[in-house]
Amino acid sequence: MSLDFDFDRSLDAAWERFSARLGEVVSMMDESEPLTLVPYDADDDRWYVRFVCRDRLLVTALVPGSWAGEPLTSVQEKALADLGFVVVGAYHEKTVEQQGAQDLAATTVAVLRTVFSVEHPVFLGSDVLTDILQEGPVDPSLHQDLTVFMPTDVVQLAAAVAAELTDHLGFVPMTDEDGDFAVRVGSTMLFIRLPTDAREVRLFSVIVHDVVGRSRAAEVLNDVNAHSRWVRFYLSRDKIYATLSVAARPFVPAHLRLALDEMTKVADGVDDLLAASLQGRTTFESPA
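This one's a predicted model, so the numbers in the text were calculated from it and none came from an experiment.

### Description of the overall build of the protein chain
Scanning the protein chain for helices and strands turns up seven helices and 13 strands. A total of 288 residues make up the protein chain; the buried ones form 48% of that total. Contacts spanning at least 24 positions in sequence make up 65% of the contacts within the protein chain whose residues lie at least 6 apart. Put simply, the protein chain shows about 14,400 Å² of open surface, and 50% of that area lies on carbon and sulfur atoms.

### Some thoughts on the sheet that holds strand E6 (residues 86-88)
Sheet architecture is open: five strands sit in the order E1-E2-E3-E7-E6, paired in antiparallel fashion. If you trace the sheet from one side to the other, it starts and ends with strand E1 (35-37) and E6, each paired once. Taking the axes of each pair of neighbouring strands and ignoring which way they run, one obtains an average angle of 30° across the sheet. When strand E2 (residues 49-53) meets strand E3 (residues 58-64), the two strands line up antiparallel, connected through four bridges.

### So, the sheet that holds strand E9 (residues 181-185)
Taken in spatial order, the six strands make up an open sheet running E8-E9-E10-E11-E13-E12, and their pairing is antiparallel. Of all strands in the sheet, those bounded by a partner on one side alone are strand E8 (174-175) and strand E12 (232-236). Taken together, the five bridges between E9 and strand E10 (residues 188-193) define a ladder with antiparallel strand orientation. Pairing of Ala182 across the sheet is with Phe191, part of E10. Together, E9, E10 and strand E11 (200-208) form the strand contacts of helix H5 (residues 154-169), whose direction differs from that of E9 by roughly 25°. With respect to the sheet, helix H7 (residues 253-277) is in contact with E9, E10, E11, E12 and strand E13 (239-247), its orientation differing from that of E11 by roughly 15°.

### What to know about the packing of aromatic side chains
Inspection of the entire model under this criterion finds four aromatic pairs. When the ring of Trp47 is compared with that of Phe116, the centres are 4.4 Å apart and the planes differ by 5°; the resulting orientation is stacked. Of the two residues, Trp47 sits in the loop between E1 and E2 while Phe116 sits in the loop between helix H3 (101-115) and helix H4 (126-133), which places them 69 residues apart along the sequence. Accessibility expressed as a relative area gives 11% for Phe116, which makes it buried. Aromatic side chains Tyr234 and Tyr241 sit 5.1 Å apart centroid to centroid with 10° between the ring planes, which places their arrangement in the stacked category. With respect to burial, Tyr234 and Tyr241 carry one shared label: buried. Above the plane of the ring of Tyr48 lies Arg50, whose end atom (NZ or CZ) is 4.4 Å from the centre.

### Digging into H3
Between its first and last C-alpha atoms H3 spans 20 Å; for 15 residues at 1.5 Å apiece the expected length is 21 Å, and the two agree. Positive phi appears at Ser117, one or two residues downstream of H3, with a value of about 55°.

### With respect to the pattern of salt bridges
Once their charged atoms are close, side chains differing in charge can pair, the charge on each being opposite to the other. Within the structure shown, the criterion is met by nine salt bridges. Asp82 is paired through a salt bridge with Lys78; the nearest N and O atoms lie 2.9 Å apart. Here Lys78 and Asp82 lie together in helix H2 (residues 74-82), a separation of four residues that amounts to about one turn. Residues Glu200 and Arg202 are paired through a salt bridge, measuring 3.1 Å at the closest nitrogen-oxygen approach. Taken together, the shared-partner salt bridges in this structure form one network comprising Glu164, Asp167 and Arg257.

### Observations regarding a negative patch on the surface
Among the surface-exposed residues, Asp30, Glu31, Glu33 and Asp55 lie close enough to one another that they form a single negatively charged patch. With respect to the element layout, Glu33 can be found in the loop between helix H1 (7-27) and E1.

Reading the values: rules and limits
Residues numbered from 1 in each chain as written. Predicted model: local features only at pLDDT ≥ 70, side-chain atom pairs only at ≥ 80, totals over all residues. Heavy atoms only, no water. Helix = DSSP H or I, 4+ residues; strand = E, 2+ residues; numbered from the N terminus. Buried < 20%, exposed > 50% of the residue type's maximum accessible area, 1.4 Å probe, protein only. Contact = heavy atoms within 4.5 Å. Areas by Shrake-Rupley, 256 points an atom, 1.4 Å probe, with all protein chains shown as cover. Pairing = 2+ DSSP bridges. Axes fitted to C-alpha atoms, helices over the stretch in contact; angles between N-to-C directions. Phe/Tyr/Trp six-rings, centres within 6.5 Å; stacked < 30°, edge-to-face > 60°. Lys NZ or Arg CZ within 6 Å of the ring centre and 35° of its normal. Expected span 1.5 Å × (residues − 1). Salt bridge = Lys/Arg side-chain N within 4 Å of Asp/Glu carboxyl O. Patch = residues over 30% accessible without salt bridge, like charges linked within 9 Å, V, L, I, M, F, W, Y side chains within 5 Å. Lys, Arg positive; Asp, Glu negative; His and termini not counted. Charge placed at Lys NZ, Arg CZ, Asp CG, Glu CD.

By themselves, these figures tell us nothing about what the structure is for.
Now the structure itself:
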């Protein structure tokens, strides 16, 4: 089964869309409240990028010179300098006219990706997702005692899935340019795709990249599939995918939640083992 999925293209597209929405938000900021971008599951000691509007004409992006009690490395400081940041007290700052907010947003994306190694916008904190990544509200009526739903087309199914994901995750999930929902799962990304016939909901994740030895990989995956109850694994070129499908006619929200939990447990549970066994790499570095 081919999902026709280009992970690198999806990453770049996600950052481009994030940058555009961030630029819109920054361009409309006033002096009343700053906007802070933080990492997922951030605590008070973690890095951040903060936007401050100082006189309705200028907006400044600030990066602290240290976090968790440790200063930025010389490599990080050089990267910030190359991106136009200057040291002002305890911060690295870049100030532009507010009409240049889109350029500042693009620079901020470069900071997030190159200085702090944020692989995907969904690995930013939930407050950022709420303020920036949401592309529109989810109809709350879709949550009212919805136990079984018979969608007539993919538009209705997408609305029901978005509502269920929002209720389950606590925020509106972002979508990529293909319309796939994207959710972070530890050291990997989980995507939820809806076929045009609206007959199923497909969950899939690229759990290992740059696999060495296709024959060896096929043998290993045969063994893994023999012991996996619902999730199936397959090799496409040099990537290993984990997949799980949920019937959507009717669509049962409880089944989607079970599938999410199973994919989360399995995909994030075996990716490091498979990567080590097949000399590949996981999508993101596993947390220490």
